[in-house]
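# Summary of the model geometry
Residue strings, one per chain:
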Amino acid sequence: MTSDTAFNDRLLSLGLARVSEAAALACADLIGRGDEKAADQAAVNAMREQLNMLAIKGVVVIGEGERDEAPMLYIGEEVGTGEGPGVDIALDPLEGTTLTAKAMPNALTVIAMAPRGTLLHAPDTYMEKLAIGPGYPTDVVSLAMSPRERVEALAKARDCRPSEITVCVLERPRHQEMITELRETGAAVVLIPDGDVAGVIHCAEAERTGIDMYMGTGGAPEGVLAASALKCMGGQMWGRLVFRNSDEQARATKAGITDFNRIYARDEMVTSDVIFAATGVTDGSITAGVKRRPGYVETETVLMRSRTGSLRRMIYRSPRG
């Protein structure tokens, strides 16, 4: 690569932060208004506009869905000016549309960028996920273990009792049996209504969030975004695609997936350096939400780079029109 087409994560990172900021600002006036679709569309439009200002040859590999289902930011859409490095883009313009519509905590705008061909092209299916924070031996827990065995193994690695382990789980009927088993070990279970990207990120900041482990089945695209964040922050993650029907398997085949039972480790979902940005829409445990004040609006963004392991928290204040 020549210097003008190399993936310079340092130079690109601030531009990526602007993309997530713009999406959060665009849906700020829709917080608590009960209109999920309007909030999501506002975030999509703003994110796309900002992406097209960046000097990149970008391709959306994790987006809003297939082209015929998502008029903007669909999987395979080309973004950027067409000049500069070739990059993969993974995004969720509004992670937590329901959270936004109901003014509930932890709605985020989320985006990741990596060199072309280095992000897993996860189809729009489910993924079984397991994640822990940094500082543990490799593969101390695994998807092959039962929920009980995972808690016991992590407690042993931490030299603590299972009752001192806290697990984050997406609150869904499909997880009820797992939740019961986790509680039988004595572990605490933190249930979240939506937003499992944030759920995984919590593991990387256990001292601040109190979350030691994330497990459960959620969206596969969100799994790649979560792996991107965890690669920047440290920690381990595994994912296995879950298919509900032949149509979803066909989507996986179209995305280049040949082994439907494969377990992907974090660095198999994100195989190179990555940049990750998330801006708060509603207040949450990761960032503050958008603040509308007389005369100005304010956002908080967390920006990460895997190359350096750096994490920045940035406040952006803009005059209100």
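Residues numbered from 1 in each chain as written. Predicted model: local features only at pLDDT ≥ 70, side-chain atom pairs only at ≥ 80, totals over all residues. Heavy atoms only, no water.

Among the ten residues that make up strand β13 (residues 296-305), nine are buried, leaving the element largely enclosed by the rest of the structure. Looking at chain direction, strand β11 (residues 275-280) and β13 are connected through five bridges and run antiparallel. For A278, the partnering residue across the bridge sits in β13 and is V302. Where strand β12 (residues 291-293) lies against β13, three bridges are found, and the strand directions are antiparallel. Looking across to β13, one finds that R293 is bridged to Y296. The turn linking β13 back onto strand β14 (residues 310-319) is made up of four residues, and G309 within it adopts a positive phi angle of 70°. (Buried < 20%, exposed > 50% of the residue type's maximum accessible area, 1.4 Å probe, protein only. Helix = DSSP H or I, 4+ residues; strand = E, 2+ residues; numbered from the N terminus. Pairing = 2+ DSSP bridges.)

Once the domains are mapped, the protein chain shows domain 1 (9-119 + 274-319) and domain 2 (126-269). The centre of domain 1, based on its C-alpha atoms, is set 23 Å off from the matching centre of domain 2. Taken together, the contact pairs 26 residues of domain 1 with 22 residues of domain 2. In this assembly, domain 1 packs against domain 2 so that about 2,000 Å² is buried in total across both faces, 67% of it on carbon and sulfur atoms. Joining domain 1 to domain 2, the criterion identifies one salt bridge. Put simply, E205 and R313 hold a salt bridge, and the shortest N to O gap is 3.6 Å. (Domains from an automatic or database assignment. Contact = heavy atoms within 4.5 Å. Buried area = accessible area lost by both parts, 1.4 Å probe. Salt bridge = Lys/Arg side-chain N within 4 Å of Asp/Glu carboxyl O.)

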